[in-house]
Amino acid sequence: MTTETLAGLMAAARKQLSEAGIETASLDVRLLLQAATGFAHEDLIVMPNTAIEPRAAVLFKAYIARRLNHEPVSRILGTREFYGRPFAVSPAVLDPRPDTEVVVELALKHMRAGRFIDLGTGSGAIAITLCAENPHLEGIATDVSPEALSIAAENANTLGVSNRLQFIQSNWFEQIEGQFDLIISNPPYIKRAENLPPEVKNFDPHLALFGGEDGLNSYRAIASGAAARLAQGGLIVVEIGHDQAAKVVEISKLCDLMLFDRVADLGGRDRGLAFRRP
Ligand code: GLN
C-alpha cells in the first residue's frame, strides 16, 4: 500500500472541493487536515512530504466527504472561533457568525457595567463574550432549546465566565423576571421564503433561523417585552438582516423605543441597531 503524504492528501482534497464549487476549498482543506493529523499550519508548508498515518488519512477523508455534502467546517470539527475565543457548537445551535461580533461590539461600546439578558443565546456567543470582555457585566442567557442551553453552559464554563451567567429556558421573556440594563439578541430573522445556501439550510437549526412570514416576529416579541423588562436608562441591541433596519425601527417606535446607534457588518451592510426609551 502506498503511504499518503500531507501534500498529496491536500492536493486531492482541494481538487474535490473546488470541483464541487466550494469557494473556500484551500482554507477548508487546511483546517480539516490540521485537525485530522495534529500538524500545524507551518508543518503543512515546510514538510509537505511527511507520510500520514493511515488512521489520520481515513479521518481526513471522512471530513472531506462531509464538507462535500456542504457541512460547514465548524460543524465537522464541533468548534468555531468567535471574538477570538473557541466555542463548542452542536446541531442544536446556530453557528456563530463573524457578523455578530460587530453587534457585541456595539453593546460593549455603550455598556460599562450592569445586568443584561441575551435572548436566544444558542452557543452563548453573545452572552459569554460580553462577560469575557467586560468583568463588570453579568446576566442571563435564555434559549427555548435545552440542548442549546447545555452547549452554552459548557462554553461559559470553558471560557471561565459561568459565575456571572445564569441560563434559563424561556421563549423570549416568558420565564423571566426583573429588569435589565441591556437586552440583547441575535434573533431568528430570516423570512420564510428566503433562499439559503445548503451550509445554512441543512445544518443550522431552523428554530434559530426563521422569524416568521416576514422575518420580523422576533423583533415584535423583543420590543413589546421591553416595557416590563428594560430598566430605566437601559438599552436594547439587536442584530438584524441587511434589509430590515427601517422595519425594525418602526416596530420599536410603536413600543416607545428610539434608535440611537447602529453598526454595519464586515460587508458594509446594516447589522446591529441600538435603542433606548427616551
Ligand atoms: N445568539 C446566538 C448567536 O448569535 C444564536 C442566535 C440564534 O440562534 N439566532 O450566535
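This one's a predicted model, so the numbers in the text were calculated from it and none came from an experiment.

### Digging into the overall build of the protein
- When helices and strands are counted, the protein shows twelve helices and eleven strands.
- Here the C-alpha atoms of the protein give a radius of gyration of 21 Å, agreeing with the 19 Å that 2.2 N^0.38 yields for 278 residues.
- Seen through its C-alpha atoms, the protein measures out along the principal axes to roughly 70 × 40 × 30 Å.
- Looking at the protein as a whole, 48% of its 278 residues are labelled buried.
- The contacts in the protein between residues at least 6 apart in sequence include a share of 65% that link residues at least 24 apart.
- Here the protein displays about 13,300 Å² of accessible surface, and carbon together with sulfur accounts for 52% of that area.
- Averaged over its 27 positive side-chain charges, the protein has a centre that lies 2 Å from the centre of its 34 negative ones.

### Quick word on the site of the ligand
- In the region of the ligand, the neighbouring residues are Leu-94, Pro-96, Thr-100, Gly-120, Thr-121, Gly-122, Ile-126, Asn-186, Pro-187, Pro-188 and Ala-208.
- In this structure, a nitrogen atom belonging to the ligand sits 3.1 Å away from a main-chain N or O atom of Gly-120.
- Contact distances for the ligand include 2.9 Å between a nitrogen atom and a backbone N or O atom of Asn-186.
- Expressed as a share of its isolated accessible area of 300 Å², the protein-covered part of the ligand is 97%.
- Placement of the ligand is best described as lying within the second largest pocket.

Conventions and cut-offs
- Residues numbered from 1 in each chain as written.
- Predicted model: local features only at pLDDT ≥ 70, side-chain atom pairs only at ≥ 80, totals over all residues.
- Heavy atoms only, no water.
- Helix = DSSP H or I, 4+ residues; strand = E, 2+ residues; numbered from the N terminus.
- Rg over C-alpha atoms; globule rule 2.2 N^0.38 Å.
- Buried < 20%, exposed > 50% of the residue type's maximum accessible area, 1.4 Å probe, protein only.
- Contact = heavy atoms within 4.5 Å.
- Areas by Shrake-Rupley, 256 points an atom, 1.4 Å probe, with all protein chains shown as cover.
- Lys, Arg positive; Asp, Glu negative; His and termini not counted.
- Charge placed at Lys NZ, Arg CZ, Asp CG, Glu CD.
- Near = heavy atom within 4 Å.
- Polar contact = N/O pair within 3.5 Å; in protein donor to acceptor, adjacent residues only side chain to side chain.
- 1 Å grid on protein atoms, 1.4 Å probe; cavity = no way out; pocket = protein on both sides within 12 Å on 5 of 7 lines; lining within 4 Å.
- Sits in = over half its atoms within 2 Å of the grid points.

These values are about where atoms sit, not about what they do.
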